[in-house]
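# Fold and geometry: a report
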Amino acid sequence: MTEIINFFTATPGIITIVVVLLALVGIGVGISRTRSRELPPAAPRDEIEAPSGEDSDVSVDTLPAPAPIEDDDDEPEESTLEVEPDYEEPVLDRPESARGRMERLRSRLAGSGRIGAALLSILSRGDLDESDWEELEDTLLMADLGLDATEEVMNNLRTAVKVKGTSDPAVVRTLLRDELLRVVDPQMDRKLNLERTDDKPAVVLMVGVNGTGKTTTVGKLARLLVAEDTSVILGAADTFRAAAAEQLTTWGERVGVETVRSEVEGADPASVAFDAVKQGIEGDIDVVLVDTAGRLQNKSTLMDELGKVKRVMEKQAPVAETLLVLDATTGQNGMRQAQVFAEVVDITGVVLTKLDGSAKGGIVVSVQRELGVPVKLVGLGEGADDLAPFNADDFVDAIIS
């Protein structure tokens, strides 16, 4: 016993005891940690399932299934949401067809004709005396039928009346119609030459002095062509009048037609015309309409420039039509304009504006006789679709009806 007490009280004995105790504690901790790893964590009370076939006071909440994990390599699905555009498509005009225009313009011409009213007033007198024949001749002259054409009509009409031996106003009116129709010449080819050649568009050059409604006529012609399912591009080669290019652009936008223009006022007209034809070729367009500046016939430099515009355009494509725009109310002054333009460019047709049945309708005959080219288009009003192909029969019928 004494030895045991001495052992524990000795310093080595104390150290031994301490080491043994520490070893026992370490073993206990290790066992506790091992057991904690082997046992699963306790489930929360609200997730414990009731035993199958037994009632339980424990409420069971069913948790939603977790979403499947997608592979990183999967492509994201495209959105099915439609994105609203930031702008609205412009609403384009629907131009009236050529057939509808001709019917409407025919009735308008017949309803407003002052030439016809004067002629019918004379013819209704029955047996015409010399003063009646002179009045009839003066009426035709005032209508700008032209001196030669008027004398021809009157001589033939007098002869026909004598041969028929009649003074019946209805018969004389029919004879007058035949004579007027003959001088208007329904046999002239009034069709616009707008056929593509060698995969190039038909080029139409519009010329005329200021005030005839030339730029407006170009816009109206574009509408007429669009109504016939013809693709068009406009060339604003009138670079001297500030509003001309803007005006033409507005006409084109209304029917979805592009306008080639220069933003520089006073730019070279030939350059603009060249670019218009070029874009027409590249865009596979059917017709290129080129507007030019209104040129006074006494300004030779401007007339020379018009010739340059045509020559430059023809380097890319031939000019199919050169249309002279004339104001029907200008009478014989319009004839002088036509003659000067014909000396510079080869006029292929005439567009008569403001042919509203006024006393100047006879210029149709004068122009055709002097230039040897037909009147192809006529305008009878300010409406966007008041332009239609000229028809000789309708014109004469409107005069004498």
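In what follows, the structure referred to is the one given above.
Worth saying up front: this structure is predicted, and the values here are computed from it rather than measured.

## Considerations on the side chain of Asp291
Locating Asp291 in the fold gives a position in strand E4 (residues 287-291). Look at Asp291 and you get buried, because its relative accessible area is 1%. Among the polar contacts made by the side chain of Asp291, one reaches the side chain of Thr215 at a distance of 2.7 Å. Aside from chain neighbours lying at most four places away, what touches Asp291 is Met206, Lys214, Thr215, Val218, Gly235, Ala236, Ala237, Asp238 and Leu248.

## A closer look at a negative patch on the surface
Together, Asp127, Asp129, Glu134 and Asp138 make up a negatively charged patch on the protein surface. One can find Asp127 in the loop between helix H4 (114-123) and helix H5 (130-142). By relative accessible area, Asp127 is classed as exposed at 61%.

## Observations concerning the pattern of salt bridges
Inspection of every chain in the model, using the stated rule, returns 18 salt bridges. Between Arg177 and Asp178 there is a salt bridge, and its shortest N-O distance comes to 3.9 Å. A relative accessible area of 40% means that Asp178 is categorised as partly exposed. Across the salt bridge formed by Asp385 and Arg223, the nearest N and O atoms sit 2.9 Å from each other. Of this pair, Asp385 sits in the loop between strand E7 (375-379) and strand E8 (387-389) while Arg223 sits in helix H8 (residues 214-227), placing them 162 residues apart in sequence. With a relative accessible area of 3%, Arg223 lands in the buried category. Among the charged side chains, a network of salt bridges with common partners joins Glu152, Glu179, Arg182 and Arg369.

## Side note on the packing of aromatic side chains
Applying the stated criterion across every chain, the model contains 1 aromatic pair. Taking 5.4 Å as the distance between ring centres and 55 degrees as the angle between the ring planes, the aromatic pair formed by Phe390 and Phe395 counts as tilted. One exposure class covers both Phe390 and Phe395, and it is buried. Lying across the ring of Trp251, Arg254 places its NZ or CZ 5.3 Å from the centre.

## Structural notes on the sheet that holds strand E5 (residues 319-327)
Across the sheet, 8 strands lie side by side as E3-E2-E4-E1-E5-E6-E7-E8; this open sheet has mixed pairing. Unpaired on one side and paired on the other, strand E3 (258-260) and E8 mark the two borders of the sheet. Averaged over all neighbouring strand pairs, the angle between strand axes comes to 25 degrees, with direction disregarded.

## Some words on helix H9 (residues 244-254)
Every α-helical turn comprises 3.6 residues, leaving residues that sit three or four positions apart pointing alike. By the burial criterion, the buried members of H9 are Ala244, Ala245, Leu248, Thr249, Trp251 and Gly252. Mapping the buried residues of H9 onto a view down its axis gives an arc of 160 degrees, with all of them on the same face. Structurally, H9 contributes buried residues whose contacts are with H8, strand E2 (232-236), E3 and E4. In the segment just after H9, Gly256 is the residue with positive phi, at about 75 degrees.

## A word on the pairing of E7
Among the 5 residues in E7, 5 count as buried, and that is most of the element. Bridge analysis of strand E6 (residues 349-353) against E7 gives 3 bridges, and the strand direction is parallel. In the strand pairing of E7, Val351 is matched with Leu377. Where E7 and E8 come together, 3 bridges link them in antiparallel fashion. Within E8, the position partnered with Val378 by the bridge is Ala388.

## Some points on unusual backbone geometry
Although it is not a glycine, Asp199 adopts a positive phi angle of roughly 60 degrees. Tracing the chain through its elements places Asp199 in the loop between helix H7 (169-184) and strand E1 (202-207). For Asp199, a relative accessible area of 65% translates into the label exposed. Despite not being glycine, Asp229 has its phi angle at roughly 60 degrees, a positive value. Structurally, Asp229 is set in the loop between H8 and E2.

## Considering the pairing of E1
Across the 6 residues that make up E1, a large majority, 6, are buried. Two elements, E1 and E4, share 5 bridges in a ladder whose sense is parallel. Note that in E4 the partner of Leu205 across the bridge is Val290. Looking at chain direction, E1 and E5 are connected through 5 bridges and run parallel. Counterpart to Val203 in the pairing with E5 is Val319.

## Overview of the environment of Leu180
Secondary-structure assignment places Leu180 in helix H7. Distance in space between the C-alpha atoms of Leu180 and Leu157 is 9.7 Å, their sequence separation being 23 residues. Those residues within four positions of Leu180 in sequence are excluded, and the remaining contacts are Leu140, Leu145, Val153, Val396, Ile399 and Ile400.

## Topic: the environment of Asn156
Summarising the element assignment, Asn156 is placed in helix H6 (residues 147-164). Distance in space between the C-alpha atoms of Asn156 and Leu175 is 9.1 Å, their sequence separation being 19 residues.

About the thresholds
- Residues numbered from 1 in each chain as written.
- Predicted model: local features only at pLDDT ≥ 70, side-chain atom pairs only at ≥ 80, totals over all residues.
- Heavy atoms only, no water.
- Helix = DSSP H or I, 4+ residues; strand = E, 2+ residues; numbered from the N terminus.
- Buried < 20%, exposed > 50% of the residue type's maximum accessible area, 1.4 Å probe, protein only.
- Polar contact = N/O pair within 3.5 Å; in protein donor to acceptor, adjacent residues only side chain to side chain.
- Contact = heavy atoms within 4.5 Å.
- Patch = residues over 30% accessible without salt bridge, like charges linked within 9 Å, V, L, I, M, F, W, Y side chains within 5 Å.
- Areas by Shrake-Rupley, 256 points an atom, 1.4 Å probe, with all protein chains shown as cover.
- Salt bridge = Lys/Arg side-chain N within 4 Å of Asp/Glu carboxyl O.
- Lys, Arg positive; Asp, Glu negative; His and termini not counted.
- Charge placed at Lys NZ, Arg CZ, Asp CG, Glu CD.
- Phe/Tyr/Trp six-rings, centres within 6.5 Å; stacked < 30°, edge-to-face > 60°.
- Lys NZ or Arg CZ within 6 Å of the ring centre and 35° of its normal.
- Pairing = 2+ DSSP bridges.
- Axes fitted to C-alpha atoms, helices over the stretch in contact; angles between N-to-C directions.
- Arc of directions from axis to C-beta.

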